[in-house]
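An overview of the molecular structure
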Amino acid sequence: MHVLVPGPLRSYTNDAAKVSADGATLAEVVGDLELRYPGIRFRIIDEQGSIRQHIKLFVNGVQARDLSPRLAGNDEVMIVCALTGG
Amino acid sequence: MAQAAKMPARRVSLLLATRKGLWQLHGDPARRSWRVAGPQFLGHIVHHCIADPRDAKTMLAAARTGHLGPTIFRSSDRGRSWHEAKQPPAFTEGSARVVDHTFWLTPGHASEPGVWYGGTSPQGLFRSEDGGATWRGVTGFNEHPQRKAWCGGDQDGTPDGPKLHSILIDPRDARHMYIGMSSGGVFESTDGGADWRPLNRGVKADFLPQPDPEYGHDPHCVRLHPMQPDRLYQQNHCGIYRLDRPAERWEDIGAAMPKSVGPIGLPMVVHPRDPDTVWVFPMDGTSVWPRVSPGGKPAVYRSVNAGKTWQRQATGLPKLQAWLTVKRQAMTADAGAPVGVYFGTTSGEVWASRDEGRTWKCLATHLPEIYSVETM
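One structure accompanies this document, and this report is about it. Values in this document were obtained by computation on a predicted structure and should not be read as measured data. (Residues numbered from 1 in each chain as written. Chains lettered and ligands numbered in written order. Predicted model: local features only at pLDDT ≥ 70, side-chain atom pairs only at ≥ 80, totals over all residues. Heavy atoms only, no water.)

A look at the nonpolar core
Among the nonpolar cores identified, the biggest contains 30 residues, and Leu14, Leu16, Leu25, Met331, Phe343 and Val350 of chain B are the most heavily contacted of them. Within the residue set of this core, elements represented by two or more residues are β1 (13-18), β2 (21-27), β21 (278-282), β24 (331-333), β25 (341-344), β26 (350-353), β27 (361-364) and β28 (370-375) of chain B. Not counting the four nearest positions on each side in its chain, valine 350 of chain B is found in contact with Leu14, Leu16, Leu25, Phe343, Gly344, Lys361, Cys362, Leu363, Ala364, Leu367 and Ile370 of chain B. Listed in part, the 26 residues of the second largest apolar core include Met1, Tyr37, Val59 and Val77 of chain A. (Core = buried A, V, L, I, M, F, W, Y, C linked by side-chain atoms within 4.5 Å. Buried < 20%, exposed > 50% of the residue type's maximum accessible area, 1.4 Å probe, protein only. Helix = DSSP H or I, 4+ residues; strand = E, 2+ residues; numbered from the N terminus. Contact = heavy atoms within 4.5 Å.)

Listed below in structure tokens is the structure:
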């Protein structure tokens, strides 16, 4: 499936804004991203398995509150850096 | 105090970790002329960057961004190129604790090349044995049965999170260590971090209900003298203190500061050779704690007699309407003769003295908020 990658994470994806990853759940997709782009998972998921405070994950436009949603092959995952600044 | 030579042993560079990235200042051999280099990691919040004195080429930087989780960057070519740690500091899965940022980095003992320690917010102690590539929690601290009591809750920390800082390694014994925690206090380990005990006797904690608690204090910055490792100094939330081991009771040396200035500040710097000489940068800790230079008149204070008396050192610094704040890692000294002293401000200025604080010169302005200044 496709994963849309925000600017702050593209240092891991060789500047690619859209990458591919596999998995039957959002957790597996994030795990596959880590295999393909080492280091990316810990920047968006903390050590207790929670999505970080200023990161949001959307599956087909619907926000996922955790990594449990099941995914199909043509689903689209979008990683968003939520509002923060100053 | 050794002041015979006129030049530092080598060129000095300053590593400036800021809220928006990493900069460096490179000095000429006389430390008169300085060149700004950078930024690196533009947009990253860099809490600390320090060079490894054991090999003169390794540097570690603790970084995160507003959105992304915390990590460590490593350089093995004095900052020309950087690589991210494979396994940054992180608490054990299932511990319900999450590292917000790594706040403090300390190279390990000279006998343990490749060993580094990291202190995090919230308070955690981490160790790397491969030059910062992978990090593991020091379980003797992170899982100590008293840790929760020592650290308190989130409300007990500094405004941007409670911190473990001032990781000090005894140069005579790699297993003898001290740490400081805001809040928590100073703690000592004599077995390489397997066990810890509070070391706060004599230190005020006037924000706590009991007059002389065993822990719960707020050391802002603790320093150990490299030539006389039994001597410790600390700039605390409630004053300035000195401890000469094996004594257990800190001596209040802030009482000798002028009453109009007070003994409150964040950083503390020791002279590299003279254990009796230290510098502090006082801030306003009255009323609602403005944390700026008292009266808008910034000054460094130096003691040359281990804190018995203090001298104001403000020649060259702004005389009025200068509301500077210097964070706990943002003041340091080089090894020159005479010693160079440096500080960075939250308003993005870097100031230097090449005569042990007698006169000051501004080296850089308009940088982002400066979190730490280290020499290289």
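Quick notes on the interface of chain B and chain A
Contact residues are listed per partner, giving 24 residues for chain B and 18 residues for chain A. Contact between chain B and chain A buries roughly 1,500 Å² in total, counting both sides, with carbon and sulfur atoms accounting for 53%. Taken as a group, His67, Leu68 and Val98 of chain B account for 42% of the area that chain B buries against chain A, more than any other trio of residues on that side. Remark: the boundary between chain B and chain A carries 1 salt bridge. Across the salt bridge formed by arginine 43 of chain A and glutamate 84 of chain B, the nearest N and O atoms sit 3.8 Å from each other. Here chain B and chain A share 9 residue pairs in polar contact (both at pLDDT 80 or more) between them. Looking at the side of chain B that touches chain A, its residues break down into 10 nonpolar, 8 polar and 6 charged. (Buried area = accessible area lost by both parts, 1.4 Å probe. Salt bridge = Lys/Arg side-chain N within 4 Å of Asp/Glu carboxyl O. Polar contact = N/O pair within 3.5 Å; in protein donor to acceptor, adjacent residues only side chain to side chain. Nonpolar A, V, L, I, M, F, W, Y, C, P; charged D, E, K, R; others polar.)

Things to note about the side chain of glutamine 123 of chain B
All names here are of chain B. Along the chain, glutamine 123 falls in the loop between β9 (116-121) and β10 (124-128). Glutamine 123 sits in the buried class, given a relative accessible area of 2%. A distance of 2.8 Å separates the side chain of glutamine 123 from the backbone oxygen of serine 183, its partner in a polar contact. Those residues within four positions of glutamine 123 in sequence are excluded, and the remaining contacts are Phe91, Arg97, Phe141, Cys151, Pro162, Lys163, Leu164, Met181, Ser182 and Ser183.

Considering the sheet that holds β25 of chain B
Residues and elements named next belong to chain B. Overall, antiparallel pairing links the 4 strands, which are arranged β24-β25-β26-β27 in an open sheet. The two strands at the open ends of the sheet, each matched to only one other strand, are β24 and β27. Strand-to-strand twist in this sheet, taken as the mean axis angle between neighbours without regard to direction, amounts to 25°. Inspection of the sheet shows β26 paired to β27 by 3 bridges, in the antiparallel sense. Opposite alanine 352, over in β27, you have lysine 361 as the bridge partner. (Pairing = 2+ DSSP bridges. Axes fitted to C-alpha atoms, helices over the stretch in contact; angles between N-to-C directions.)

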